[in-house]
Amino acid sequence: MDKIYDVIILGAGPAGLAAGLYAGRARLDTLVIEKGKDGGQIAITDEIENYPGQMVDEKESGPSLIARMTKQVEKFGAARVSDTITSVELEGDVKVLKSAKNEYRAKVVIVATGAFPKPIGCENEAKFMGKGISFCATCDASFFEDFEVFVVGGGDSAVEEAMYLTKFARKVTIIHRRDELRAAKSIQEKAFKNPKLHFMWDSVVQSVDGDELLSKMVVKNVKTGELTTVEADPDDGLFGLFGFIGYNPNSKLFEGMLDMEGGYIKTDENMHTNIPGVFAAGDIRVKSLRQVVTAAADGAIAAMQAEKYINA
């Protein structure tokens, strides 16, 4: 492909779509490349409550919010391609992104490929994602008000999220494959003092089940092999299962080119990476909060910085 775009945005989650919206409004010749469905993680989120300006008189889901974002991007003229990029050349004035069949060129690349929670690894997990299984306490805690909740993990984030969930759930149980937490001692001390927090040691979730919603799981003791079946209280009909065992940033394509920390791309506050003309936005970058609102903000900043770079 001989055409050289002003901006290519890789990824169509909230960060990529926000970048596409702002780049399009700035009259930049923009291409958004996404290999799957728009939306990233929130495409599988059944209900959203904490995005400013969302619908409040009717249920707002991840897909409904993303559908409106996608429509806005189309309105302002960004081109769209469904493709899987397999290699990139980011140095120089013209950046090159290659797939199995095509080659795309641009003056600027905005990386918005996201990061996805590591799966719990239990049988039937995919069936209950968004239907009892969640990977974001900030997003979904309120849906489990006065219900029983289980948290898989033992590191800082798992224990902190479990304590956050105690503000909503009537009981929170941490399921950890070891006999002690990996979280910082200061965090552990707070956790052990919390009367709503309980623990299942040396355990992993082997399988989950239920009708439409998660209501049953089998937990295995890794030392004894003993299986324990956990079922929802009949009056509840479901329970929550949150996974906090880490994230997998989609950054492999950029290894050895972009500066990273734990697989996440390093940027400054204006989304600049270490390569001129290459920006990163959203969950793929090193940051303290991974939410739709912060991803969208990143995308907007990246697009505006891209415009300044092109016009410099």
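The structure we're discussing is the one just above.
Every value quoted in this text rests on a predicted model; they were computed, and no experiment measured them.

Draft legend 1. Region of the structure containing the overall build of the protein. Check the secondary structure of the protein and you find six helices and 19 strands. In terms of C-alpha radius of gyration, the protein reaches 21 Å, essentially the compact-globule figure of 20 Å for 312 residues. Projected onto its principal axes, the C-alpha coordinates of the protein cover approximately 60 × 45 × 35 Å. By residue count, 50% of the 312 residues in the protein fall in the buried class. Expressed as a percentage of contacts within the protein between residues at least 6 apart in sequence, the contacts between residues at least 24 apart total 59%. When the accessible surface of the protein is totalled, it reaches about 15200 Å², and 48% of it is carbon and sulfur. Charged side chains of the protein number 37 positive and 46 negative; the gap between the two group centres comes to 3 Å.

Draft legend 2. Looking closely at the state of the cysteines. Using the criterion set out here, one finds one disulfide in the structure. Each disulfide pairs two cysteine sulfurs, and for Cys136 the partner residue is Cys139, the sulfurs being separated by 2.2 Å. Since a negative S-S torsion denotes a left-handed disulfide, the Cys136-Cys139 link at about 70 degrees is right-handed. Overall, Cys136 belongs to the buried group, its relative accessible area being 18%. For Cys139, a relative accessible area of 22% puts it in the partly exposed group. The structure places no disulfide on Cys122, whose sulfur is separated from the nearest cysteine sulfur, that of Cys136, by 18 Å. On the accessibility criterion, Cys122 (8% relative accessible area) is buried.

Draft legend 3. Just the side chain of Asp202, in detail. Within the secondary structure, Asp202 sits in the loop between strand 11 (197-200) and strand 12 (203-210). Leave out the neighbours within four places in its chain, and Asp202 touches His176, Arg177, Arg178, Asp179, Lys220, Asn221, Val222 and Lys223.

Draft legend 4. Spatial organisation of the sheet that holds strand 10 (residues 171-175). A sheet is described by the order of its strands in space; here five strands give the open sequence 8-15-9-10-11, paired in parallel fashion. For this open sheet the edge positions go to strand 8 (133-134) and strand 11, each flanked by a neighbour on one side alone. Pairing geometry for strand 9 (residues 148-152) and strand 10, over five bridges, is parallel. When the sheet's bridge partners are listed, Val151 is paired in strand 10 with Ile174.

Draft legend 5. Region of interest: helix 2 (residues 62-75). Counted at 1.5 Å a residue, the expected span for helix 2 with its 14 residues is 20 Å, and the 20 Å between its end C-alpha atoms agrees. Listed as buried for helix 2 are Gly62, Leu65, Ile66, Met69, Thr70 and Val73. Projected down its long axis, helix 2 carries its buried residues within an arc of 135 degrees, all on one side. Among the exposed residues of helix 2, those pointing more than 90 degrees away from its buried face are Lys71 and Lys75. Considering only its buried residues, helix 2 is in contact with helix 1 (14-25), strand 3 (79-82) and helix 6 (292-311). Among the residues trailing helix 2, Gly77 stands out with phi positive, at a value near 90 degrees.

Draft legend 6. The arrangement of the nonpolar core in detail. Formed by 33 residues in total, the largest nonpolar core has its most connected members in Val7, Tyr51, Leu65, Met69, Val108, Ile110 and Phe279. Those elements that provide at least two residues to this core are strand 1 (4-10), helix 1, helix 2, strand 6 (103-111) and helix 6. At seven residues, the largest contribution of residues to this core is made by helix 6. For Met69, the contacting residues outside a window of four places in its chain are Pro14, Leu17, Tyr51 and Val292. Counting residues in hydrophobic clusters, the runner-up holds 23 residues, among them Phe147, Ala158, Met163 and Phe244.

Rules used throughout
- Residues numbered from 1 in each chain as written.
- Predicted model: local features only at pLDDT ≥ 70, side-chain atom pairs only at ≥ 80, totals over all residues.
- Heavy atoms only, no water.
- Helix = DSSP H or I, 4+ residues; strand = E, 2+ residues; numbered from the N terminus.
- Rg over C-alpha atoms; globule rule 2.2 N^0.38 Å.
- Buried < 20%, exposed > 50% of the residue type's maximum accessible area, 1.4 Å probe, protein only.
- Contact = heavy atoms within 4.5 Å.
- Areas by Shrake-Rupley, 256 points an atom, 1.4 Å probe, with all protein chains shown as cover.
- Lys, Arg positive; Asp, Glu negative; His and termini not counted.
- Charge placed at Lys NZ, Arg CZ, Asp CG, Glu CD.
- Disulfide = S-S within 2.5 Å.
- Pairing = 2+ DSSP bridges.
- Expected span 1.5 Å × (residues − 1).
- Arc of directions from axis to C-beta.
- Core = buried A, V, L, I, M, F, W, Y, C linked by side-chain atoms within 4.5 Å.

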